[in-house]
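Single-letter residue listing:
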Amino acid sequence: MNVLLFDLYAGGHHLEYASALRRALTARDSSLSVDFLTVAPTEKHGMYFEEDDLVYLRDRSPLTDRPAVVPDRDPFGTAYDFLATSVRNPTWDLVGEFADHAAAGDYDVVHVLEADKILGALRYHCDRPDLPPTVATINGVFFKPDSAPLPAARPLCALLERAGGRTFTRYCPPALRRGRDWDRWYLATCLDEGVFDHLTVPSAAAQADIAADATGAAVDRISVAPDPVESWDPDSLSQAAARERLDLPAEGPTVLFFGQMREEKGIGTLLDAVATYDGPPFTLVLAGPPSAITSADVAAAADGSPVTVVDRLEYVPESDVFAYFRAADGVVLPYEQSFGELRPSTVFTKACAAGRPVIASDFGTLGRHVREWDLGLLCEPESSAGLAATLGEFVAAEGSDHDVDAGPTHYDPDSMAAYVAARTYERLAETVDGAYRRVTAGSVARDAIGDGQ
């Protein structure tokens, strides 16, 4: 079976997920041939793939190469960039090129990863008879509770569909139709119209939520594929060795905030908690691209606080990711409600894979998993005072008075190990491979009926 994986985006998690899924699929069935189609080469691709495994649409990506005449942070330039991008709509063109490539290639099945972000373009570009059976994965921004200035009321959507939905999707500025309601409509249409032959989602709750919108989609066309964890061996790297390797303080409790520092992930709440914290001292490591903060913001929050903040405000190479989690005593995830109740967190799964408890916001999937599996401590979302108190509770439990022989008091290591074992890439590959075989079998049966057999 020849499989084409496609992801429009090349961020660290996107490439990490695609590469690990590809390895697990080919390890499960050596007869599978799996290509990964991506937009254009980046330096990050080499961290995850061999060059022979990659297929590119272009030499340069229009998603990252902005017009040179637009200066960053200039309001007039930003407005121009917004209008220019809306008119050009590079995502639309790229998804069209993907569909052409998939139709022209010798593929038995196509798998669109992170379909959440491109549902509108997929709905129209992939509604064509010459495409192989299509599997799509939803696991990210679809579950954010965003809204758009132009409401996606069903009468309006139906009217637009009859009047020229393809033209609307191509030329309407994305900001006007970006949000959960529009995404729900596009996804339901993809399922109802057969654009997607199968869909994978991260939880049973997400499965029920999506199936309720898609009138023509039975639940058995939507598989649950929990967000997988890394195949790390926590015992392969000691905390002391990890701290030495990353040049972090050797002594004392350490808490890690990892990943892109966006507002929805609660970085602002965390810095406010640091500024008001009055508990036992500890080290806070911030590791990841600073989307919503600066080094000056970090310094201001740490000024006069008993918290020592180590900021590594940059993209973390894949070779160092495991070490950051092993160097920590715990991982803080102060996510805001805007993150989305049904949305999974890759930082959360990495913490569990590394054997590290979490300090997490108590809502949605995140809070439910922490509580059900006893994976750490919970705090009130978007409350800096509540987060500061929970951090103090965690640090006190990690302090010098802690009875090591009594074991951890704020999480259950055995339960965490069971949680990890249920969410491996091997389990993911089993679910995905089953979806591939189901849609290809259905395609063969349809072809046979069409041939009069």
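For clarity, every value in this text was computed on a predicted model and none was experimentally measured.

Peer 1: So what's going on with the overall build of the protein chain? Residues and values would help.
Peer 2: Summing up its helical and strand segments, the protein chain has 18 helices and 13 strands in all. Burial statistics for the protein chain: of 453 residues in total, 53% are counted as buried. Counted over contacts in the protein chain with a minimum sequence separation of 6, partners at least 24 positions apart contribute 74%. Here the protein chain has roughly 19700 Å² of accessible surface; of this, 50% comes from carbon and sulfur atoms.

Peer 1: Lay out the packing of aromatic side chains in plain terms, naming residues and giving numbers.
Peer 2: Evaluation of the coordinates by the stated rule reveals 15 aromatic pairs. Each ring, one from Phe36 and one from Phe49, has its centre 4.8 Å from the other, and the planes form 5 degrees; the classification is stacked. Note that Phe36 is positioned in strand β2 (residues 33–38) and Phe49 in the loop between α2 (45–48) and β3 (54–56), a separation of 13 residues in sequence. A relative accessible area of 0% places Phe36 in the buried class. Overall, Phe49 belongs to the buried group, its relative accessible area being 7%. Considering the side-chain rings of Trp373 and Tyr419, the 5.3 Å spacing of their centres and the 75 degrees angle between planes classify their relative orientation as edge-to-face.

Peer 1: Go over the sheet that holds strand β8 (residues 254–258) with me, naming the residues and quoting the values.
Peer 2: Strands sit in the order β10-β9-β8-β11-β12-β13 across an open sheet of six strands; the sheet is parallel. With one partner strand each, in any of the chains shown, β10 (307–312) and β13 (376–379) form the two edges of the open sheet. Ignoring which end each strand starts from, the neighbouring axes of this sheet average 25 degrees apart. Across six bridges, the pairing between strand β9 (residues 282–287) and β10 is parallel. Bridge pairing in β10 places Leu284 opposite Val309. Taken strand by strand, helix α11 (residues 267–276) contacts β8, β9, β10 and β11 (330–333), and its axis lies near 155 degrees from that of β9. Sheet strands touched by helix α13 (residues 318–327): β8, β9, β10 and β11. Its angle to β8, the strand with the most contacts, is close to 145 degrees.

Peer 1: Help me get a handle on the nonpolar core, residues and values and all.
Peer 2: Core analysis: the biggest nonpolar cluster contains 44 residues, and Phe98, Leu122, Ile138, Leu187, Phe196, Leu199 and Ile210 have the highest contact counts within it. Looking at this core, the elements with two or more residues in it are β1 (2–6), α4 (90–104), β4 (109–112), α5 (119–125), α8 (180–192), β6 (198–201) and α9 (204–213). Phe258, Leu366, Val370 and Tyr419 belong to the second largest nonpolar core, which has 39 residues in total.

Peer 1: Outline helix α15 (residues 364–373), supporting the account with residue identities and numerical values.
Peer 2: Buried within α15 are the following residues: Thr365, Leu366, Gly367, His369 and Val370. Of the surrounding elements, those touching the buried residues of α15 are β11, α14 (346–353), β12 (358–361), β13 and α17 (413–421). At the C-terminal side of α15, Asp374 shows a positive phi close to 55 degrees.

Peer 1: So what about the packing of α14 against α17? Which residues, and what values?
Peer 2: Taken N-terminus to C-terminus, the directions of α14 and α17 make an angle of 120 degrees; their axes are 9 Å apart at the nearest point. Considering their axes alone, α14 and α17 lie oblique with respect to each other. In this structure, α14 meets α17 at a crossing whose hand is left-handed. Note on element contacts: α17 touches α14 through Met416, Tyr419 and Val420, opposite Phe348, Cys352 and Ala353. In terms of residue class, the contact of α14 with α17 is built from six nonpolar, no polar and no charged.

Peer 1: Which residues make up the confidence of the model for the protein chain, and what are the values?
Peer 2: Per-residue confidence for the protein chain gives a mean pLDDT of 86; residues scoring 70 or more make up 83%. Overall, residues 66–74 carries pLDDT values under 50, and its contacts beyond four positions in sequence, including any with other chains, amount to eleven contacts.

Peer 1: Now, about the side chain of Ser361: what can you tell me, with residues and values included?
Peer 2: Assignment of secondary structure puts Ser361 in strand β12. On the basis of relative accessibility, which here comes to 1%, the residue Ser361 falls in the buried class. Leaving out residues up to four positions away in the same chain, Ser361 has contacts with Leu333, Pro334, Tyr335, Leu366, Gly367, Leu378, Cys379 and Pro381.

Peer 1: Break down the side chain of Thr269 for me, with residues and values.
Peer 2: Relative to the helices and strands, Thr269 is located in helix α11. Overall, Thr269 belongs to the buried group, its relative accessible area being 10%. Setting aside anything within four residues of it in sequence, one finds Thr269 in contact with Glu336, Glu382, Ser383, Ser384 and Leu387.

Peer 1: Could you give an account of the sheet that holds β4, naming the residues involved and the relevant values?
Peer 2: Strand-to-strand pairing in sheets goes through backbone hydrogen bonds, with the strands running parallel or antiparallel. Pairing within the open sheet is parallel, and its seven strands lie in the order β3-β2-β1-β4-β5-β6-β7. Looking at the sheet topology across the chains shown, the edges are occupied by β3 and β7 (222–224). Across the sheet, the axes of successive neighbouring strands diverge by a mean angle of 25 degrees, strand direction being ignored. Bridge analysis of strand β5 (residues 134–137) against β6 gives three bridges, and the strand direction is parallel.

Here is what the cut-offs are and how they apply
Residues numbered from 1 in each chain as written. Predicted model: local features only at pLDDT ≥ 70, side-chain atom pairs only at ≥ 80, totals over all residues. Heavy atoms only, no water. Helix = DSSP H or I, 4+ residues; strand = E, 2+ residues; numbered from the N terminus. Buried < 20%, exposed > 50% of the residue type's maximum accessible area, 1.4 Å probe, protein only. Contact = heavy atoms within 4.5 Å. Areas by Shrake-Rupley, 256 points an atom, 1.4 Å probe, with all protein chains shown as cover. Phe/Tyr/Trp six-rings, centres within 6.5 Å; stacked < 30°, edge-to-face > 60°. Pairing = 2+ DSSP bridges. Axes fitted to C-alpha atoms, helices over the stretch in contact; angles between N-to-C directions. Core = buried A, V, L, I, M, F, W, Y, C linked by side-chain atoms within 4.5 Å. Parallel < 35°, antiparallel > 145°, perpendicular 65-115°, else oblique. Left-handed = near helix turned anticlockwise from the far one by under 90°. Nonpolar A, V, L, I, M, F, W, Y, C, P; charged D, E, K, R; others polar. pLDDT = per-residue confidence, 0-100.

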